Amino acid sequence: MFQYRIRGGNRLLGELKIGGAKNAALPILAAACLNESETIIENCPRISDILDTIEILNRVGCETEFEGNTLKVRADRKLNCEIPAEIAEKMRSSVLFMGAFLARCGRAILPAPGGCNLGARAIDLHIKGLIAMGAKIHEENGKIFCETDGLTGAKIKLSFASVGATENLMLAAVRARGETIIENAAREPEIIDLSDFLKKIGADIRGAGTGTIVIRGKKSLSKPVLHKVIFDRIVAGTHLVAAAMTGGEICLKNVRPFDLMPVAGCLKEMGCFLRSEGGDIYLRAPERLRALPRIVTRVHPGFPTDMQAQFVAALAIAEGKSEVVETVFENRCSHVGELRKMGANIRLTADKRTFLISGAASLRGATVAAHDLRCGAALILAALAADGESIVQNARFVERGYSGIENDLYSLGADISLENTPVRDII
Ligand code: EPZ
């Protein structure tokens, strides 16, 4: 098992370049299956979710080559559109191949996505939309079987602005007959990046980033494409919070400050000084952070749910009382129990969606365990600010979304190392 060993108390100081976004790269890798010419993806993060997705591409018949942060994909041969269960079960984003395979091969077989720590993570909206486009879908023995003798454009109104469902329907619609209109579509920057990629391979898409996306399907998509993935706004936000919690002063490079606005706004309210210039954002922390009366997570452009755990950690040492409400996931609270082991004063309401936080003067180092990606990130942040030494177990969860976070934080002055221990992962 790998774990982080952290001694708290160091201020984070210096500069850090932010890499490509996991949540943009993953749907773009699924979209690469639709391109029958060569795809070159730059700024692709080297994280385990990406490596697992590349393994899916290889297993279905694509040729891939991943050097540094540049990934080459060739998908010009006939593909076997069945996603290997042992890989798909590791990450929910493999469900995005459903739309791409139906569009490319007219069929898709994948394991029914298990729930995860964040809750049921249903895919009913994905399935409802694909059926509206002419897919036949049924579940048998824990697998989902999809087939179509040709997708047809449809008008689909999502009951919730689901990121994954929006992406899946975009991937299906770009090769469907006729026009597809997705209403109440997700508006995240990663949706726009996927749309930009699909346009480069010849798709006809309008409206990405708004609530209504209009797609006119094409018979085939085949253009040599070079696409640079946008920066990871959640990784950037995580490092801003790390600096804020340690009284630090950092400058992040290669970002788009506009995409960081909800997070930057909250950090300003907590007493941080922030300034952005071109592709850089600079933060100087106060002596002690101020509490925030209330943060509510929302779909974009609201406060991102993927930053909720990190802010709960920051508010746990802020001066005063704060309230955080999680409206996107029904069970994104595994960090609360672990933060309490470090002395955090956090009460969770019965519905597990509202966190009532009384800021402590400091946290104490402890041995804690990550239960999911952003929980792990939050525990690392808390350990950086805590008195004494902490161990954050189950580093594998963090490595799903952060490429070498220990190296990045070490370069900013943190006392952190990643170590292997003979102990099995804590479930
Ligand atoms: C994407 O997940 C991201 N993952 C998540 O990031 C992110 O938290 C989430 O969007 C919200 O922004 C990737 O992009 C790979 P949703 P996704 O569909 O697509 C319910 C991280 O930490 N729902 O917007 O799964 C669902 O149960 C990860 O980087 C249905 O009920 O998110 C959840 O409660 C975590 N039925 C809510 O909607 C459906 O068919 C949000 O789901 C689909 C979703």
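Structure's up top.
This text gives an overview of the structure that appears in the document. (Residues numbered from 1 in each chain as written. Predicted model: local features only at pLDDT ≥ 70, side-chain atom pairs only at ≥ 80, totals over all residues. Heavy atoms only, no water.)

Things to note about the packing of helix α1 (residues 22-31) against helix α7 (residues 189-200)
The contact between α1 and α7 brings their axes to 9 Å, and the two run at 30°. Here α7 runs roughly parallel to α1, going by the angle between their axes. When you trace α1 past α7, the crossing you get is right-handed. Together, Asn-23, Ala-24, Pro-27, Ile-28 and Ala-31 of α1 and Glu-190, Asp-193, Leu-194, Phe-197 and Leu-198 of α7 make up the contact between the two elements. Taken together, the residues of the contact of α1 with α7 break down into seven nonpolar, one polar and two charged. (Axes fitted to C-alpha atoms, helices over the stretch in contact; angles between N-to-C directions. Helix = DSSP H or I, 4+ residues; strand = E, 2+ residues; numbered from the N terminus. Parallel < 35°, antiparallel > 145°, perpendicular 65-115°, else oblique. Left-handed = near helix turned anticlockwise from the far one by under 90°. Contact = heavy atoms within 4.5 Å. Nonpolar A, V, L, I, M, F, W, Y, C, P; charged D, E, K, R; others polar.)

Thoughts on the side chain of Asp-232
Along the chain, Asp-232 turns up in the loop between β13 (225-228) and α8 (233-245). There is no salt bridge for the buried Asp-232, and the closest opposite charge comes from Arg-374, which lies 5.2 Å off by N-O distance. Here the side chain of Asp-232 touches Val-235 through a polar contact of 2.9 Å, landing on its backbone nitrogen. Once residues within four sequence positions are removed from consideration, Asp-232 is found in contact with Ile-18, Gly-19, Gly-20, Ala-21 and Lys-22. (Buried < 20%, exposed > 50% of the residue type's maximum accessible area, 1.4 Å probe, protein only. Lys, Arg positive; Asp, Glu negative; His and termini not counted. Salt bridge = Lys/Arg side-chain N within 4 Å of Asp/Glu carboxyl O. Polar contact = N/O pair within 3.5 Å; in protein donor to acceptor, adjacent residues only side chain to side chain.)

Structural notes on the site of the ligand
Looking at the ligand, there are 24 residues lining it, with Arg-92, Asp-124, Leu-125, Ser-162 and Asp-306 nearest. Within the backbone of Ala-122, one N or O atom sits 3.4 Å away from a nitrogen atom of the ligand. Contacts to the ligand include Asp-306, whose side-chain N or O atom sits 2.5 Å from an oxygen atom. For the ligand, whose free accessible area comes to 820 Å², the fraction covered by protein is 87%. Broken down by secondary-structure element, the contributors of at least two residues to the shell around the ligand are α1, α5 (124-132), α6 (163-173) and α12 (373-385). The class makeup of the residues in the shell around the ligand is ten nonpolar, six polar and eight charged. (Near = heavy atom within 4 Å. Areas by Shrake-Rupley, 256 points an atom, 1.4 Å probe, with all protein chains shown as cover.)

Remember that the coordinates give geometry; whether it matters functionally is a separate question.
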